[in-house]
Amino acid sequence: MDNNTGNGTNYILAIESSCDETAASVVRNGREVLSNVIASQIALHTLYGGVVPEIASRKHIEKINQVIQEALREAGVTLKDITAIAVTYGPGLVGALLVGVSAAKAISFATGIPLVGVHHINGHISANYIEHQDLQPPFVCMVASGGHSHLVIVEDYGVYRLVGRTRDDAAGEAFDKVARAIGLGYPGGPKIDRLAREGNPDAIPFPRAKVAENEYDFSFSGLKSAVLNYLNSCEMKGEPVCQADVAASFQRAVIDVCVEHSMAAVREFGFDRFAIAGGVASNSALRAAFEEACARQGVKFYRPSPVFCTDNAAMIGVAGYYEYLRGVRHGYDLNAVPNLNL
Ligand code: KG4
Ligand code: ZN
């Protein structure tokens, strides 16, 4: 079926199920989000202190059809209007990804609507196009999520040059681990964000790690260990721990390296536009720090609204639109790829 309506209007139905959100969205002409439905599993996983892959997969299966129907209904369209189905096929939890991929393949098979597999990080970066109609490649983007910390040059839509990455933990992973250590529980990022507002970011001098071989790479596991050591030593000495100061000081250390490495890349590669993406990009202090650093350096700063930073399907619809325009089509042999490279 070819639903590419001769009048140039494209509708992408997008599906995202790579971790703990079952999400579907309809995006018109690549930049206009007509619906953005997210069924969050946070409450379920909170019981276990983190995402339990088996539970995530099972919940996705229960929710996926409902979420897709809701996305179509809210957008005021039917499958007859849809130009292509975009679906995240990696990276992520294999069992979780499989649910979205299978649903997308089934709809494509039943209707003949073209299928476009999308890289999850391509989605995160593309979230910036939703609210910034003027933004076009090339620009530099820092992607910080639960699984990735990438510094990339966006050369064209869907075309990326990776200039820096984490050597160990992702930024979001560090937030989650530190939150657990100070007893905040899952999901850690938003809880640290909130608590840090009451703390002193200069209270504890946590390390800012540099990676000798590549000035744009990140390393967050040493920082996480430093926080754990600090907590242990307080306990040994019987000193009280100010949770808010730990949260604020840890958060400041993460932000400092993110800002320093990103702004160095923007300068070095000669760009005047910079964007952030991924769940950690919803962090209020990080957004403020980048805003200030970009203003100081005369660089235009782009960031998605928080709802488009954390996992959602609208970002997959935007990325899927540009992949579709580039001629990307997947067959019914499309599979989930848990460690898909960008
Ligand atoms: O992009 P995302 O929703 O899922 C992945 O692709 O991983 O990112 C989730 C990560 C989690 O580690 C979560 O703790 C972190 O993003 N996160 C935050 C905030 N909101 C979510 N980290 C810091 N501050 C926040 N406000
Ligand atoms: Zn994500």
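Computed from a predicted structure; not experimentally measured. (Residues numbered from 1 in each chain as written. Chains lettered and ligands numbered in written order. Predicted model: local features only at pLDDT ≥ 70, side-chain atom pairs only at ≥ 80, totals over all residues. Heavy atoms only, no water.)

**Quick look at the environment of Asp 20**
Structurally, Asp 20 can be placed in the loop between β1 (11-16) and β2 (21-28). The spacing of Asp 20 and His 45 is 25 residues in sequence and 8.4 Å in space, taken between C-alpha atoms. In this structure Asp 20 touches Ala 39, Ser 40, Gln 41, Ile 42, His 45, Val 51, His 60 and Tyr 186, once residues within four positions along its chain are discounted. Among the polar contacts listed, one links the side chain of Asp 20 to the side chain of Tyr 186, at a separation of 2.3 Å. (Helix = DSSP H or I, 4+ residues; strand = E, 2+ residues; numbered from the N terminus. Contact = heavy atoms within 4.5 Å. Polar contact = N/O pair within 3.5 Å; in protein donor to acceptor, adjacent residues only side chain to side chain.)

**Overview of the packing of helix α8 (residues 221-237) against helix α9 (residues 243-268)**
In contact at an axis separation of 11 Å, α8 and α9 are set at 160° when each is read in the N-to-C sense. Compared by their axis directions, α8 and α9 come out roughly antiparallel. Considering only the axes of α8 and α9, their crossing is right-handed. Contacts between α8 and α9 involve Leu 223, Val 227, Tyr 230 and Leu 231 from the first element and Val 246, Phe 250, Ala 253 and Val 254 from the second. Considered class by class, the residues forming the contact of α8 with α9 number 8 nonpolar, no polar and no charged. (Axes fitted to C-alpha atoms, helices over the stretch in contact; angles between N-to-C directions. Parallel < 35°, antiparallel > 145°, perpendicular 65-115°, else oblique. Left-handed = near helix turned anticlockwise from the far one by under 90°. Nonpolar A, V, L, I, M, F, W, Y, C, P; charged D, E, K, R; others polar.)

**Details of the nonpolar core**
Formed by 54 residues in total, the largest nonpolar core has its most connected members in Phe 206, Phe 220, Phe 250, Phe 274 and Phe 290. For this core, the secondary structure elements donating two or more residues are β6 (139-144), β7 (149-156), α6 (171-181), α7 (188-196), α8, α9, β9 (273-277) and α10 (284-297). Here the element with the most residues in this core is α9; it accounts for 15 residues. Once you skip the residues sitting within four places of it in the chain, Phe 290 turns out to touch Cys 258, Val 259, Ser 262, Met 263, Phe 274, Ile 276 and Phe 301. Leu 135, Cys 141, Ala 314 and Tyr 321 belong to the second largest nonpolar core, which has 35 residues in total. (Core = buried A, V, L, I, M, F, W, Y, C linked by side-chain atoms within 4.5 Å. Buried < 20%, exposed > 50% of the residue type's maximum accessible area, 1.4 Å probe, protein only.)

**Side note on the site of ligand 1**
Taken together, 18 residues lie around ligand 1, and His 124, Gly 146, Asp 176, Asp 193 and Asn 283 are the ones closest in. Gly 189 has a polar backbone atom sitting 3.0 Å from an oxygen atom of ligand 1. The backbone of Asp 311 places a nitrogen or oxygen atom 3.1 Å from an oxygen atom of ligand 1. Protein contacts shield 87% of the accessible area of ligand 1, which totals 550 Å² for the unbound molecule. Grouping the amino acids of the shell around ligand 1 by side-chain chemistry returns 3 nonpolar, 12 polar and 3 charged. (Near = heavy atom within 4 Å. Areas by Shrake-Rupley, 256 points an atom, 1.4 Å probe, with all protein chains shown as cover.)

**Looking at the coordination of the zinc ion (ligand 2)**
All of the protein donors around the zinc ion (ligand 2) are His 120 (NE2), His 124 (NE2) and Asp 311 (OD); their distances to the metal are 2.0 Å. Between the donor residues of the zinc ion (ligand 2), the gaps in sequence give the motif H-x3-H-x186-D. Taken together, the residues span about one helical turn, with His 120 and His 124 both in helix α4 (residues 120-126) at a distance of 4 residues. Judged on exposure class, the residue His 120 and its partner His 124 are both buried. (Donors = N, O, S within 2.8 Å, 3.2 Å for Na, K, Ca; no water.)

**Some details on the sheet that holds strand β4 (residues 84-90)**
An order of β3-β2-β1-β4-β5 is seen for the 5 strands of this open sheet, with the pairing classed as mixed. Both outer strands of the open sheet, β3 (32-40) and β5 (115-119), are each paired with one neighbouring strand and no more. The average angle at which neighbouring strand axes cross in this sheet is 20°, direction not considered. Across the sheet, helix α2 (residues 53-75) lies against β1, β2 and β3, angled at about 25° from β2, the strand it touches most. (Pairing = 2+ DSSP bridges.)

**Focus on α10**
Look at α10: 20 Å from first C-alpha to last across 14 residues, which is about the 20 Å you get at 1.5 Å a residue. Residues of α10 that are buried: Ala 285, Leu 286, Arg 287, Ala 289, Phe 290, Ala 293 and Cys 294. Tucked inside the fold, the buried residues of α10 contact α7, α9, β9, β10 (300-302) and α11 (306-309). Looking one or two residues past α10, Gly 298 carries a phi angle of roughly 70°, positive in sign. (Expected span 1.5 Å × (residues − 1).)

**Focus on the packing of α6 against α9**
In the contact formed by α6 and α9, the axes pass within 11 Å of each other and the chain directions differ by 170°. With respect to α9, the element α6 is oriented roughly antiparallel. Taking contact as the criterion, the partners of Ala 171, Ala 174, Phe 175 and Val 178 in α6 are, on α9, Phe 250, Gln 251 and Val 254. In the contact of α6 with α9, the residues fall into 6 nonpolar, 1 polar and no charged.

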